[in-house]
Amino acid sequence: MYDVVVCGLGIMGSAALHHLARRGCRVLGLERFAEGHDRGSSHGESRIIRLAYFEHPSYVPLVRRSYELWRELEHEAGRRLLHVTGIAEIGPPDGTLVAGTLAAARLHDIPHDVLTASALMQRYPAFWLPPHFVGVVQPDGGFLKAEASVQALLALARKHGAEIRFGECVRAIEATNDKARIVTDRATIDAGAAIVAAGPWMSSLLPKAALPLRVTRQVMGWFAPKAPASFAPGHFPVFLIESAHGIHYGFPLSREGVKVAKHHHADQTVDPESYDRSVSAHDEALIRAAVAEHLPAANGPLVEAKTCLYTVAPDSDFIVDRLPDAASILVASACSGHGFKFAPVIGEILADLATARSAKHDISRFGIPRFR
Ligand SMILES: Cc1cc2nc3c(=O)[nH]c(=O)nc-3n(C[C@H](O)[C@H](O)[C@H](O)COP(=O)(O)OP(=O)(O)OC[C@H]3O[C@@H](n4cnc5c(N)ncnc54)[C@H](O)[C@@H]3O)c2cc1C
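Because the structure is a prediction, the values reported are computed rather than measured. (Residues numbered from 1 in each chain as written. Predicted model: local features only at pLDDT ≥ 70, side-chain atom pairs only at ≥ 80, totals over all residues.)

1. Some remarks on the overall build of the protein
A count of helices and strands for the protein gives eight helices and 20 strands. The C-alpha atoms of the protein give a radius of gyration of 20 Å, which matches the 21 Å a tight globule of 372 residues would have. A principal-axis box enclosing the C-alpha atoms of the protein has dimensions of 65 × 45 × 45 Å. Contacts in the protein between residues at least 24 apart in sequence constitute 73% of all its contacts with a sequence separation of at least 6. (Helix = DSSP H or I, 4+ residues; strand = E, 2+ residues; numbered from the N terminus. Rg over C-alpha atoms; globule rule 2.2 N^0.38 Å. Contact = placed C-beta atoms within 7 Å.)

2. Let's talk about the sheet that holds strand 3 (residues 46–49)
Spatially, 3-8-4 is the arrangement adopted by the three strands of the open sheet, whose pairing is antiparallel. Lying at the two open borders of the sheet, with one neighbouring strand each, are strand 3 and strand 4 (82–84). Taking each pair of neighbouring strands and ignoring which way they run, the sheet shows an average axis angle of 30°. Sheet topology note: the strand 3/strand 8 (residues 142–145) ladder contains four bridges and is antiparallel. Of the residues in strand 8, the one forming a bridge with isoleucine 49 is glycine 142. (Pairing = 2+ DSSP bridges. Axes fitted to C-alpha atoms, helices over the stretch in contact; angles between N-to-C directions.)

3. Concerning the site of the ligand
Close contacts around the ligand come from 39 residues, with Gly8, Gly10, Gly40, Gly199 and Gly339 the closest. Elements that contribute at least two residues to the shell around the ligand include exactly helix 1 (11–22), strand 2 (27–31), strand 3, strand 13 (214–223) and strand 18 (302–312). In the shell around the ligand, the residues fall into 22 nonpolar, 12 polar and five charged. Each of domain 1 (2–43 + 147–210 + 315–371) and domain 2 (87–139 + 214–312) accounts for three or more of the residues forming the shell around the ligand. (Near = placed C-beta within 6 Å. Nonpolar A, V, L, I, M, F, W, Y, C, P; charged D, E, K, R; others polar. Domains from an automatic or database assignment.)

4. Concerning the environment of glutamine 151
In this structure, glutamine 151 sits in helix 5 (residues 146–159). The sequence separation of glutamine 151 and methionine 12 amounts to 139 residues, and the corresponding C-alpha distance is 12 Å.

5. Description of the domain arrangement of the protein
One can read the domain layout of the protein as domain 1 (2–43 + 147–210 + 315–371) and domain 2 (87–139 + 214–312). The C-alpha centroid of domain 2 is placed 30 Å from the C-alpha centroid of domain 1. Between domain 1 and domain 2, the contact holds 13 residues from the first and 10 residues from the second. Class assignment of the residues belonging to the side of domain 1 that touches domain 2 gives a composition of four nonpolar, eight polar and one charged.

6. Some details on the packing of helix 1 against helix 5
One can describe the packing of helix 1 onto helix 5 by two numbers: an axis separation of 8 Å at closest approach and a directional angle of 30°. One finds that helix 1 runs roughly parallel with respect to helix 5. In this structure, helix 1 meets helix 5 at a crossing whose hand is left-handed. Packed against helix 1, whose contacting residues are Ile11, Ser14, Ala15, Leu17, His18 and Ala21, the element helix 5 presents Ser149, Val150, Leu153, Leu154, Leu156 and Ala157 at the interface. Looking at side-chain class alone, the contact of helix 1 with helix 5 contains nine nonpolar, three polar and no charged residues. (Parallel < 35°, antiparallel > 145°, perpendicular 65-115°, else oblique. Left-handed = near helix turned anticlockwise from the far one by under 90°.)

7. Here we look at the confidence of the model for the protein
In the predicted model, the protein carries a mean pLDDT of 97, and 100% of its residues have values of at least 70. Mean pLDDT values over the elements of the protein span from 96, in strand 10 (residues 170–176), up to 99, in strand 2. (pLDDT = per-residue confidence, 0-100.)

8. Details of the packing of helix 1 against helix 8 (residues 343–355)
The interhelical angle for the contact between helix 1 and helix 8, taken along N-to-C directions, is 55°, at an axis separation of 7 Å. Relative to helix 8, helix 1 is oriented oblique. Crossing handedness for the pair helix 1 and helix 8: right-handed. Residues Ile11, Met12, Ala15, Ala16, His18, His19 and Leu20 of helix 1 touch helix 8, and the partners they reach there are Ala343, Pro344, Ile346, Gly347, Glu348, Leu350, Ala351 and Ala354.

Below, the structure written as structure tokens:
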């Protein structure tokens, strides 16, 4: 009998496991694939973290708590996971990105500069921007090391006593008299509560919950820059740019190249069991269009490309809640393409819900009843 069983060990499940183990709970983490796999949503080298949240200002207190928890995690793990590079969010002044970022920055008094296109190109010569674009530059923005973060959380969870099993697939989760029963391909396990953090497999694991989630195929590309020095960390920020090509984002130069991707890519709904994991010329073209126009010095050969999955809610928010008819089953689908940075605070919330029955943070935005 465990206090809590965590089903799925991507970044969200790993964060929940870490919080629970640190609190002394008897916890088990179950993952269907091998450690470090690349089949879900939490691989691909890096993820952006930013404070002035263009999606909605109500995320800001959660990101603030996440920054604190990422730093605590780094301290505990003895390794660097969060790299502050500054972030430039660029586009037309009335676009989703710039207007949303500014609204959140002003409401929450977040340090930022607003630069004209020419001032931004002067500060970061790698960009080419049309004259009517502006950039909101936040010094606190940066990126997280993706695989290293999952690894660090799991290593610490183990150190605090969590049991972890890879290669064990959860087949069903049922509520039984205020407790949870987890049926895997190897065993039937009873627990005080189950946390389901199955990423793209959430709907297939909890079919009765009828969560309105859509899984979409994403592609990340790494380009060999013609002028590497202008993309070096310290000279080039993490960025998001909204243009005629869509919203693209990218990172300073890493060993593999300059990583750039298109947010939502082709927005193609797929089955996580069987989607195409190869990268086509069309995939490359969707990303390269923005690279060629706005980062011409990065427009060299594509040296690496990977697919990944978004699990998207209709309103692009997260789901973090109990199942309405089964209070011992907690659901965490914190993706919609922007969840990684929140993992430590989502882990904290899930640990609170599983042990104290209520969360210290405001999660009213993430409730299941909003879909009814
Ligand atoms: C290309 C890309 C770029 C992104 N960029 C950013 C960014 O810049 N900033 C940001 O904050 N967020 C970003 N995100 C979103 C972020 O990565 C996700 O929100 C996050 O990784 C979701 O983690 P998860 O743990 O919910 O899902 P996953 O990582 O998919 O983990 C779910 C786990 O559950 C396991 N599982 C599933 N079913 C079972 C089962 N039946 N039994 C046992 N185990 C099971 C899976 O194998 C998997 O390991 C990006 C996502 C992608 C794909």
